[in-house]
Amino acid sequence: MLVRVKPSWEIPEREITPERLVFNRRNVLKGAGLMTIAGVAAACDRGSPTQTAGTPAPEAGLADAPDPTASLYPVPRNASYTVDRETTAEEIVAGYNNYYEFGVDKDDPAREAHKLPIRPWAVSFEGMVEKPFTADIDTLIKAMPLEERVYRHRCVETWSFIAPWAGFPMKALIDYAKPTSAAKYVVMKSWMKPEIAPDQAQFWVPWPYTEGLSIEEATNDVTFMVTGAYGKPLSKQNGAPLRLATPWKYGFKSTKGIQKFIFTNERPTTYWMALGAREYGFWANVNPQVPHPRWSQASEEVLGLGRRVPTLLYNGYGEQVASLYSGLVNERLFM
Ligand code: MTE
C-alpha cells in the first residue's frame, strides 16, 4: 500500500490566498473614479506563471542597445550568498515581471521594455552629499567591485524566485556618493518617459517609481545593486541598467531602472505608500506571521517549482539584517 508522507513545506489549503481576494487591476481601472484603489491593487495583482508562454526571449529587449560593459560578465560568484534550492530558470525570471511603467500584466514588461533606451544612462547623486554629481552608468559600473550573488526574491503578491544577480554591494555606491553625516535615508527614483510608457501619463499615479532605504539598510552587506543576471547584463524587464536587490524585503522595494539617488534626513514617501499607506509601508520586511490586509503571507509560490513553500522571516536573511530593526519600536516593520 502507498502511504503519502506529507512534505514539510506543504501548507494547508486554507493558507493559500483565495483568488477572490486578489483584485485585477485592469478591471478596477475600468471603474472611473477609483484610480487610487486601482493603483494599490497593482502590487497585489497576481497572474499565473503560465502567462510567460509566448513572451519574447529575454535577450530580445537588449538587442537594440550595445552595452559597453557586456564583456565584464560573467563575474566571480560570492560563495557567501547562495540558496539551498535550484535557481529559477532565466526565461521565467525575465518573462514574469512587475514593471508597472510598461503595463499591469506579468508579460507586459518582457514585451514592452525594449523601448527603454539604456545607453547613454546618467545616474545622479543629489541632496545631502559632499558634492552633487552625475555619473555615466558605464563609468559607475567599471568603478565598482562586481560579483555574483544568488538571491531569493519574494514579491508581496506571494510569488518568489531565486536568481543569480551580478552587481556590487550598495555600500560601495554609498562610499562613491559621499553622503554627509546628516543623511539618514537614501531615496531611489526611476525614470520618467511617458512617450514610451503610456501609463506614466496617468497623472494620479505618483510617477516616477520611488523607493527608499535607511542609510543603515543601504550599507548592510546584503543590500545589492544589480547590473547583470545569469552571467550577462541585466535584461531591461528586470531593471537594466541598474536595480536594487534587498532580498529580505518585499520585492516592491527593489526599484528598477534607477536614475537618481537622493540623500536626505527625512523618511521619504514611496510610490506604494503614496498609493496606499494602509497596505504598503516604508520598511516592508518579509514576515510570514504578518498578513497583508487582504491575504496571508505565510507561504509563497516559487515560480517554476510548481508548488508553494513556507515563507521565512526576513526571507531567510534574518541573521544578517534583523539587528537593523532592534531599536525600532511602534514601527510597521513588516508591510
Ligand atoms: N521598479 C519600477 N521602476 N517599477 C515597478 O513597477 N515593481 C516592483 C520592483 N521594482 C517595480 C519596480 C515590484 S512590485 C517587484 S515584485 C519587482 O520589481 C519585480 O521584479 P522582477 O520583475 O524583476 O521580478
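Here's what I pulled together on the structure shown here. (Residues numbered from 1 in each chain as written. Predicted model: local features only at pLDDT ≥ 70, side-chain atom pairs only at ≥ 80, totals over all residues. Heavy atoms only, no water.)

As a further point, take the overall build of the protein chain. Scanning the protein chain from terminus to terminus reveals nine helices and 12 strands. Excluding contacts between residues fewer than 6 apart, the proportion of contacts in the protein chain whose partners are at least 24 apart in sequence is 73%. Of the roughly 14,400 Å² of accessible surface on the protein chain, a fraction of 55% belongs to carbon and sulfur atoms. (Helix = DSSP H or I, 4+ residues; strand = E, 2+ residues; numbered from the N terminus. Contact = heavy atoms within 4.5 Å. Areas by Shrake-Rupley, 256 points an atom, 1.4 Å probe, with all protein chains shown as cover.)

This part covers the pairing of strand 7 (residues 224-229). Counted residue by residue, strand 7 has six buried out of six residues, so it is predominantly covered. With five bridges connecting them, strand 4 (residues 159-169) and strand 7 associate as antiparallel partners. When the sheet's bridge partners are listed, Phe168 is paired in strand 7 with Met225. Of the pairings in the sheet, the one linking strand 7 to strand 9 (residues 243-245) comprises three bridges and is antiparallel in character. Among the inter-strand pairings, Val226 is bridged to a residue of strand 9, identified as Arg243. Examined bridge by bridge, strand 7 and strand 8 (residues 232-233) share two bridges and lie antiparallel to one another. Looking across to strand 8, one finds that Gly228 is bridged to Pro233. (Buried < 20%, exposed > 50% of the residue type's maximum accessible area, 1.4 Å probe, protein only. Pairing = 2+ DSSP bridges.)

Under the defined criterion, the tally for this structure stands at 25 aromatic pairs. Between Phe133 and Tyr176 the ring centres are 5.7 Å apart and the planes differ by 65°, which places this aromatic pair in the edge-to-face class. Taken together, the positions of Phe133 in strand 2 (residues 133-136) and Tyr176 in helix 6 (residues 170-177) put the pair 43 residues apart, joining distant regions of the chain. Its relative accessible area of 26% is what places Phe133 among the partly exposed residues. Through a chain of ring-to-ring contacts, the aromatic side chains of Tyr100, Trp207, Tyr209, Phe252, Tyr271, Trp272 and Tyr280 assemble into a single cluster. In this structure, Lys106 is placed above the aromatic ring of Tyr96, and the distance from its NZ or CZ to the ring centre is 5.9 Å. (Phe/Tyr/Trp six-rings, centres within 6.5 Å; stacked < 30°, edge-to-face > 60°. Lys NZ or Arg CZ within 6 Å of the ring centre and 35° of its normal.)

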